[in-house]
Amino acid sequence: MSTNKNENTMDKLVSLCKRRGYIFQSSEIYGGINSCWDYGPMGVELKKNIKEFWWKSMISSREDVEGLDTSILMHPKIWEASGHVDSFTDPLVDCKNCKKRFREDMVEGNKCPNCGGELTDTRQFNLMFKTNMGPVEDEASIVYLRPETAQGIYANFLNVQKSSRQKIPFGIGQIGKAFRNEITPGNFIFRTREFEQMEMQYFVKPDTDREWMDYWKEERMYWYVNLGIRKDKLRLHEHSSDELAHYAKTAFDIQYNFPFGWQELEGIHNRSDFDLKQHIKYSGKDLSYFNEATRDRFVPYIIETSAGCDRTLLTTLIDAYTEEEVRGEKRVVLKLSSHIAPLKIGVFPLVKRDGMPELARKVTDSLRKKTMVFYDESGAIGRRYRRQDEIGTPFCVTIDSESLENSTVTVRDRDTMEQLRVNIDKLNSFIGEKLRD
Ligand code: GAP
């Protein structure tokens, strides 16, 4: 019997993430800090694998997309031009009694959801974090922590286009941190104040924006399916006019059916020529593109694909989290796709004697040259399997007494729990092929 997802999935997942070294509460020894999380040894591997998969699919395997890595702190005029200083706001109300703050759309009527007290009038709250550059803390030294990575790409549009000699249509992608002073962060790493984005901006001729929007919607859906997310848990949602961000002409969200409902996983936006025109206006620099072939000059439209790395990681964990009953006992297993699983193989000597640990170490060393392996000799074999199941390790290799006699080992499949005997000489290629499946 397999019971996937129930009301407590989030609680169980948070606890598994701590227990198995995926994600820890930031500053836990001081009581934690709201909505900030740290990635442990398993989390950091999973995150790296997701980022590598994105980079490979979106940049290195394509001729028409270049990579970039821009700084978090940028000229403050960037954020005036982009519209974030004026428009990147959420409507906020305060409770006059308990002083709690809420996003306006989170409350009904004029009553505080916490204590029933009276609420203030709505005011706009800017989500950008401010800081000061240099030793003087005055208006002139204000800089912002970027709330999206996109603007660094727009500011470098011509630098990249000219140095890479790309012709429109082409794209620029980057992965990096973004910061938003969210009023209502929550749901573990779903909405936090510090997060990582994987964004790609595709520059196109103005009258081709619709077809490129369709192209990227399809590509990006396909990417999540290839990542290993179940297709029936994904859908596209088109923004109505009151949902559109200030820069968007049209927008679609790729949504996932989280335990707390359908929510945005990635935004795909037709940003038109809004951003480049704003930067032309505020910087006084010509950011138009000259098409040599047709001898015409235009300001490109931009189709943006904006994914959250942490949110994608959360989705892979939720999608993979499975509880099963095996011979009357509960088994928790993370059925992560093997290409993103942090560990690929667990290696165990059946017992800690008779030369089994020595042979198991040898096997580990040989496998480690190619992939992420974890050696474990402590505790009962069943418990070692369960530990790797919870981490999501696709294969476990066990060295037993037969191994000492005929140089074969058992290879256990995480999902089916089937065990096959494989010759040690063939182990690398056997597992290599399975991991490629
Ligand atoms: N450049 C466009 C842009 O930033 P967005 O829809 O505001 O668009 C894109 O954000 C993605 O970034 C979201 O789909 C989500 O995955 C991620 N994201 C946004 N805010 C987030 C937050 N507070 N915590 C975690 N991820 C967030």
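Criteria and thresholds
Residues numbered from 1 in each chain as written. Predicted model: local features only at pLDDT ≥ 70, side-chain atom pairs only at ≥ 80, totals over all residues. Heavy atoms only, no water. pLDDT = per-residue confidence, 0-100. Contact = heavy atoms within 4.5 Å. Near = heavy atom within 4 Å. Polar contact = N/O pair within 3.5 Å; in protein donor to acceptor, adjacent residues only side chain to side chain. Areas by Shrake-Rupley, 256 points an atom, 1.4 Å probe, with all protein chains shown as cover. 1 Å grid on protein atoms, 1.4 Å probe; cavity = no way out; pocket = protein on both sides within 12 Å on 5 of 7 lines; lining within 4 Å. Sits in = over half its atoms within 2 Å of the grid points. Helix = DSSP H or I, 4+ residues; strand = E, 2+ residues; numbered from the N terminus. Nonpolar A, V, L, I, M, F, W, Y, C, P; charged D, E, K, R; others polar. Pairing = 2+ DSSP bridges. Axes fitted to C-alpha atoms, helices over the stretch in contact; angles between N-to-C directions. Disulfide = S-S within 2.5 Å.

**Q** Break down the confidence of the model for the chain for me, with residues and values.
**A** Taken over all residues, the pLDDT of the chain has a mean of 95, while the share at 70 or more is 98%. Here residues 1–5 is a poorly scored stretch, pLDDT under 50, and it has 15 contacts once near neighbours within four places are set aside; other chains count.

**Q** Quick one: what's the story with the site of the ligand, residue by residue and with numbers?
**A** Taken together, the neighbourhood of the ligand is formed by 20 residues, with Glu 148, Thr 192, Glu 199, Glu 264 and Glu 304 sitting nearest. With respect to the ligand, the backbone of Thr 192 contributes an N or O atom lying 2.7 Å from a nitrogen atom. Within the side chain of Glu 264, one N or O atom sits 2.6 Å away from an oxygen atom of the ligand. Burial of the ligand by the surrounding chains reaches 93%, relative to a free accessible area of 550 Å². Judged by the fraction of its atoms near the pocket grid, the ligand is located in the largest pocket. Of all the secondary structure elements, the ones that give two or more residues to the shell around the ligand are strand S11 (194–204), strand S14 (261–272) and strand S17 (301–308). Take the shell around the ligand: its biggest share by element is 6 residues, from S14. Looking at side-chain class alone, the shell around the ligand contains 4 nonpolar, 6 polar and 10 charged residues.

**Q** Describe the sheet that holds strand S22 (residues 395–399), with residues and values.
**A** An order of S21-S20-S22-S23-S24 is seen for the 5 strands of this open sheet, with the pairing classed as mixed. Sheet topology places strand S21 (373–375) and strand S24 (419–423) at the edges, where each strand pairs with a single neighbour. Direction aside, neighbouring strands of the sheet carry axes that sit 25° apart on average. Sheet topology places strand S20 (residues 345–349) next to S21; 3 bridges connect them, and they run parallel. Of the residues in S21, the one forming a bridge with Gly 346 is Phe 374.

**Q** Mind laying out the state of the cysteines, listing which residues take part and the relevant values?
**A** For the structure on display, the rule yields 0 disulfides. Just so you know, Cys 36 is unpaired, no disulfide at all, and the nearest cysteine sulfur is the one on Cys 309, 16 Å from it. The thiol of Cys 396 is not disulfide-bonded; the next cysteine sulfur, from Cys 17, is found 19 Å away.

**Q** I'd like a rundown of the environment of Cys 309, residues and numbers included.
**A** Within the fold, Cys 309 resides in helix H9 (residues 309–320). Sequence-wise, Cys 309 and Lys 177 are 132 residues apart; in three dimensions their C-alpha atoms are separated by 9.4 Å. If sequence neighbours within four positions are ignored, Cys 309 has contacts with Lys 47, Lys 51, Glu 196, Gln 197 and Met 198.

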